[in-house]
Amino acid sequence: MNSNAKMLYGVIHIGSTALSMRIVSYHNLDDIQVIEEVAKEVTFGEEVYLNKKLSFASVNRLCSMLNGLKQLLNDYQVKEYSVYATAVFREAENKRAILDLIHVNTGFDVQVLDMSQEIYLEHFALQHQLMKYNHKNSHSLGSDFMFVDITSGAMGLTVWQGGVLTYQHDIHVGTLRLLETFSANQRASRDYPDALAEYIHAVMRPVWKTIEQYHPSTLVFSGRESRIIARLLGWPVIKHNMAICSPEKINSLYDAVGRQSSSHIRQAYGITEADVVLPTIHIYREILEHVPANKVVMMGTTFLESLSMYYGAGKTDDQAIVEMQIQNLKLTESIAEGYYYEPKHAHCMQNYSHIIIDAFRSVNGLGKREEFLLSMALILSQIGKYVNLIDSSRNTWSLIRSIDIFGISEKEKDAVACIAFYEHKGMPEEDDYAFKLLDDSMKMTVLKLIAVFRLVRAMDISRKQKIQDVTARMVDDTLLIEYDTSARTALESWFFEKENDLFKSVFGIEAKLERR
């Protein structure tokens, strides 16, 4: 893309409490012009949390609203757009029917974001905005942060230390989910505040042992709930899209409203969304009791804003995307270190895989995203050995599927787990439990990545990184991989020949490993 060109596109978010759209002219992350932004409050989230489904009457109303947004896109002559849904669709038992009805009635294909994706997209925008502010203000907020992003259905905790992403965990403790846990009569009881505090502590207690080893100087609260709390404190969260305060300010607000009813908060403060105040302020109090930060930042960034930033950055291959992926891989390494991990072996295989994929990229159909997933699989491929050496592949597969991996969807996580499962043996079959979980669009990609994985594993089968100065190129219908070494490489060559059969069956070309 021309560095001076601008993109015009729209993003639509179907949320639990609002349907919103933003049309932007995008140049780069620091040059985004909002052409139009509209939002309409909805109660779809409350309906789904209460009934586990979205009624057809609500779906029809949603389709009518979406057609209105589609007309607005046409009015602005916007040809490129994307539609996203979060918790309201994730939680709906009739999600498949809803998506089909929307497609039939509006032509929109809705992408339902997993909880980890939702938190990741929000975090992408938050960390960019916060780091930019901190750089301009002589790092007045310090260098160690904990981001707390609360949504209607979940909460994400993300720790940065010295510019490095060191911890991320998602918890099913969103505001609407908390409200659904207690009946209307229970929420009206005088015992509700104490019960709510105890319940939140019980849910969050398992993370504190890990969190307390970090010492973030600044807590960063974000999400719709953060903006509501900022308004309670009398801050419009406009300047720099954030407000900065001390933890004592949040604790003082807790003392003032932590035991008040929603109706009292609504009347006293003029907050229409008063129902979410108590869950939010109790979550904040729980966090402040375990994270002794010096400062608190309330971010005004909306999820729609985050979507519009990430969409443009992804389409233009912005360096920020690459930097976040590097941070994600570092975080994945820290996860692997908690089990079993050989960093030199993993880094060596990542280097080999990049060289190999790049050498025949024009015919392999693998993009940067696929290479990123392979890197995750290479890092996590041995964690099952932590459980035992017998059937470690199955253990690895189970562990990968059970842990939070920041920045990838559940489908992508299943793909990473499957690649690691076939690390050293077997050919994926349709009935294999690890392979049959994947949708058809992902199966071929996984087969390709497994084939590359097995080659690079063979090239460092001794774990001694003997094969150095690797280059790769296509010679007619052969992928020629050349290297230098002073060591004996019979073991690597024998295993490479063994794995070449799988590579040939997947890509239709032969790979050769030759010493220069």
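Residues numbered from 1 in each chain as written. Predicted model: local features only at pLDDT ≥ 70, side-chain atom pairs only at ≥ 80, totals over all residues. Heavy atoms only, no water.

*Asks:* If you had to explain the pairing of strand β6 (residues 144-150) to someone new, which residues and values would you point to?
*Replies:* In terms of burial, β6 is largely enclosed, as seven of its seven residues are buried. Of the two faces of β6, both are covered, the one formed by D144, M146, V148 and I150 as well as the one formed by F145, F147 and D149. Relative to strand β7 (residues 155-161), β6 is paired through seven bridges, and the arrangement is antiparallel. Paired with F147 across the bridge in β7 is T158. Counted along the chain from β6 to the antiparallel partner β7, the turn is four residues long. (Buried < 20%, exposed > 50% of the residue type's maximum accessible area, 1.4 Å probe, protein only. Helix = DSSP H or I, 4+ residues; strand = E, 2+ residues; numbered from the N terminus. Pairing = 2+ DSSP bridges.)

*Asks:* Which residues make up the side chain of E286, and what values do they have?
*Replies:* Along the chain, E286 turns up in helix α12 (residues 277-290). Look at E286: it is buried, it has no salt bridge, and the nearest opposite charge is R285 at 8.1 Å. For E286, the side chain forms a polar contact with the side chain of H201, separated by 2.8 Å. Leave out the neighbours within four places in its chain, and E286 touches I200, H201, M204 and W208. (Lys, Arg positive; Asp, Glu negative; His and termini not counted. Salt bridge = Lys/Arg side-chain N within 4 Å of Asp/Glu carboxyl O. Polar contact = N/O pair within 3.5 Å; in protein donor to acceptor, adjacent residues only side chain to side chain. Contact = heavy atoms within 4.5 Å.)

*Asks:* Give a description of the sheet that holds strand β11 (residues 295-299) that names residues and reports values.
*Replies:* Two pairing modes exist for strands in a sheet, parallel and antiparallel, and in both the strands are linked by backbone hydrogen bonds. Within the open sheet, the six strands sit side by side as β8-β7-β6-β9-β11-β10. Their pairing is mixed. Strands with a single pairing partner mark the edges of an open sheet, and in this sheet they are β8 (164-171) and β10 (242-245). The sheet shows a mean angle of 15° between the axes of neighbouring strands, taken without regard to direction. The pairing of β10 with β11 spans four bridges and is classified as antiparallel. Looking across to β11, one finds that M242 is bridged to M299. (Axes fitted to C-alpha atoms, helices over the stretch in contact; angles between N-to-C directions.)

*Asks:* Please give an account of the nonpolar core that cites residues and values.
*Replies:* With 64 residues, the main nonpolar core has M459, F503 and F507 as its most contacted residues. Element by element, the count of residues in this core is highest for helix α21 (residues 440-459), at twelve residues. Excluding residues within four positions of it along the chain, M459 makes contact with Y352, I356, I467, V470, I481, E492, F496 and L513. (Core = buried A, V, L, I, M, F, W, Y, C linked by side-chain atoms within 4.5 Å.)

*Asks:* If you had to explain the packing of helix α8 (residues 192-211) against α12 to someone new, which residues and values would you point to?
*Replies:* Relative to each other, α8 and α12 sit at 45°, their axes nearing to 9 Å. Relative to α12, α8 is oriented oblique. Crossing handedness for the pair α8 and α12: right-handed. Together, Y192, P193, L196, A197, I200, H201, M204 and W208 of α8 and L278, P279, H282, I283, E286, I287 and H290 of α12 make up the contact between the two elements. In terms of residue class, the contact of α8 with α12 is made up of eleven nonpolar, three polar and one charged. (Parallel < 35°, antiparallel > 145°, perpendicular 65-115°, else oblique. Left-handed = near helix turned anticlockwise from the far one by under 90°. Nonpolar A, V, L, I, M, F, W, Y, C, P; charged D, E, K, R; others polar.)

*Asks:* Could you give an account of the pattern of salt bridges, naming the residues involved and the relevant values?
*Replies:* For the coordinates displayed, the defined rule picks out 29 salt bridges. Sharing partners across several salt bridges, the network here consists of D255, R285 and E289.

*Asks:* Which residues make up the packing of aromatic side chains, and what are the values?
*Replies:* For the structure shown, the criterion picks out 18 aromatic pairs. Ring centres of F124 and Y310 lie 5.1 Å apart, and the angle between their planes is 90°; this geometry places the pair in the edge-to-face category. Linking F124 in helix α5 (residues 115-136) with Y310 in helix α13 (residues 303-315), this pair joins segments that are 186 residues apart in sequence. Ring centres of F360 and F503 lie 5.7 Å apart, and the angle between their planes is 55°; on these two criteria the pair is classed as tilted. One end of the pair, F360, is in the loop between α15 (343-359) and α16 (361-364); the other, F503, is in helix α22 (residues 490-507), and 143 residues separate them in sequence. For F360, a relative accessible area of 1% puts it in the buried group. (Phe/Tyr/Trp six-rings, centres within 6.5 Å; stacked < 30°, edge-to-face > 60°.)

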